[in-house]
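# An overview of the molecular structure
Chain by chain, the residues:
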Amino acid sequence: MKLLIKLSGESLSERGGDGSFYAEPVLERIAEQIRALQSQGHQIALVIGGGNLFRGHKLTEKLSIERPTADYIGMLATVQNALILRDYFQTKGIATRVSSAIAMPQICESYIPKRALRHMEKGRIMIFAAGLGAPYFTTDSTAVQRALEMGADMLIMAKNGVDGLYTGDPKKNKRATFIKSITGSKVLEQNLKAADQSAIALAKEHGLTIKIVGVDMIKSALETKIGSVILPE
Ligand code: UDP
């Protein structure tokens, strides 16, 4: 299968750790999960977020800078994360390429869809950086767009600290219940926090299935007993 995995920036830093942006044990666990999934014979691409460093709207709230500027800074954060992941994977023997939606020829490839597909066919992990290259979007929307453009069979959203989709935030609300399977329309209707609404809407419109799993369950993401599934209809 061809799989697109969305990792949030926060999944690169240690939960409850010293607040540093990256934690080696976390990178190690992610690399192991990706290696194990790949060894099942799948082609894999990743979209990485930047929330461990910057989120555009938070920067705008904190500083008097315009939203587009803050968003570009957020996109640069995703490139930083992508480079860390690439080099970490490479040192672990996992062939990886980064492609950025904003051209930075000294640092990584620019996003050329056919080239990315070729890397995946050759068994390389493809990391998509800089989101969609445009402000007012998030890496959730990027993940859906790239999954569609790469012809992925499924989008796997790897979440930090939760094992799937709940009716509320299980860390804050003890009465939140686990949702095993739901349609995109219901997620939107009930305003569930699976991913950005625009990302869910895009997936639904184009028939993309989304699986939500904990970041430590990536390698088992295709098992039906693991995680939650959002069906297009
Ligand atoms: N961003 C953007 N356009 C995109 C993708 C990302 O403007 O296509 C910016 C936006 O400011 C966002 C930040 O990059 O807050 C980091 O991405 P995101 O918040 O999605 O990261 P995550 O929460 O997944 O770590």
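Our structure is the block above this text.
A brief structural summary. Just so it is clear, the structure is predicted and the values come from calculations on it, not from any experiment. (Residues numbered from 1 in each chain as written. Predicted model: local features only at pLDDT ≥ 70, side-chain atom pairs only at ≥ 80, totals over all residues. Heavy atoms only, no water.)

Quick look at the overall build of the protein now. Of regular secondary structure, the protein possesses 7 helices and 11 strands. Scaling as 2.2 N^0.38, a compact globule of 233 residues should have a C-alpha radius of gyration of about 17 Å, and the protein matches this with 17 Å. The dimensions of the protein, computed from C-alpha atoms along their principal axes, are 50 × 50 × 35 Å. Within the span of the protein, comprising 233 residues, buried residues form 49% of the whole. The contacts of the protein with a sequence gap of at least 6 include a subset with a gap of at least 24, amounting to 68%. Total accessible area computed for the protein in this model is approximately 11,100 Å², and 53% of it derives from carbon and sulfur atoms. Positive and negative side-chain charges of the protein, numbering 30 and 23 respectively, have mean locations separated by a distance of 2 Å. (Helix = DSSP H or I, 4+ residues; strand = E, 2+ residues; numbered from the N terminus. Rg over C-alpha atoms; globule rule 2.2 N^0.38 Å. Buried < 20%, exposed > 50% of the residue type's maximum accessible area, 1.4 Å probe, protein only. Contact = heavy atoms within 4.5 Å. Areas by Shrake-Rupley, 256 points an atom, 1.4 Å probe, with all protein chains shown as cover. Lys, Arg positive; Asp, Glu negative; His and termini not counted. Charge placed at Lys NZ, Arg CZ, Asp CG, Glu CD.)

Moving on, we come to helix α5 (residues 139-150). For α5, built from 12 residues, the straight-helix expectation of 16 Å at 1.5 Å per residue is met to within 8% by its first-to-last C-alpha distance of 16 Å. Of all 12 residues in α5, 9 are buried; the element is thus mostly enclosed. All of the buried residues in α5 are Thr-139, Asp-140, Ser-141, Thr-142, Ala-143, Val-144, Arg-146, Ala-147 and Met-150. For α5, the capping residue at the N-terminal end is Thr-138, with a side-chain oxygen 3.2 Å from the backbone nitrogen of Asp-140. Looking one or two residues beyond α5, the residue adopting positive phi is Gly-151, at roughly 70 degrees. (Expected span 1.5 Å × (residues − 1). Polar contact = N/O pair within 3.5 Å; in protein donor to acceptor, adjacent residues only side chain to side chain.)

Turning to the sheet that holds strand β9 (residues 181-183), a few remarks are in order. An order of β4-β3-β5-β2-β1-β6-β10-β11-β9 is seen for the 9 strands of this open sheet, with the pairing classed as mixed. What marks the edges here is a single partner per strand, and that holds for β4 (109-110) and β9. As defined by bridge partners, strand β2 (residues 43-48) adjoins strand β5 (residues 125-129) across 3 bridges and the pair is classed as parallel. Within the sheet, the bridge partner assigned to Leu-46 lies in β5 and is Ile-127. (Pairing = 2+ DSSP bridges.)

Time to look at the environment of Ile-179. With respect to the helices, strands and loops of the structure, Ile-179 is situated in strand β8 (residues 178-179). Distance in space between the C-alpha atoms of Ile-179 and Val-26 is 27 Å, their sequence separation being 153 residues. If sequence neighbours within four positions are ignored, Ile-179 has contacts with Leu-165, Tyr-166, Thr-167, Leu-192 and Ser-228.

Here we come to helix α3 (residues 67-91). Helix length check: α3 (25 residues) gives 37 Å between terminal C-alpha atoms against 36 Å at 1.5 Å per residue, within 8%. Burial in α3 covers these residues: Ala-70, Asp-71, Gly-74, Met-75, Ala-77, Thr-78, Val-79, Asn-81, Ala-82, Leu-85, Tyr-88 and Phe-89. Within two residues after α3, Gly-93 carries a phi angle of roughly 80 degrees, on the positive side.

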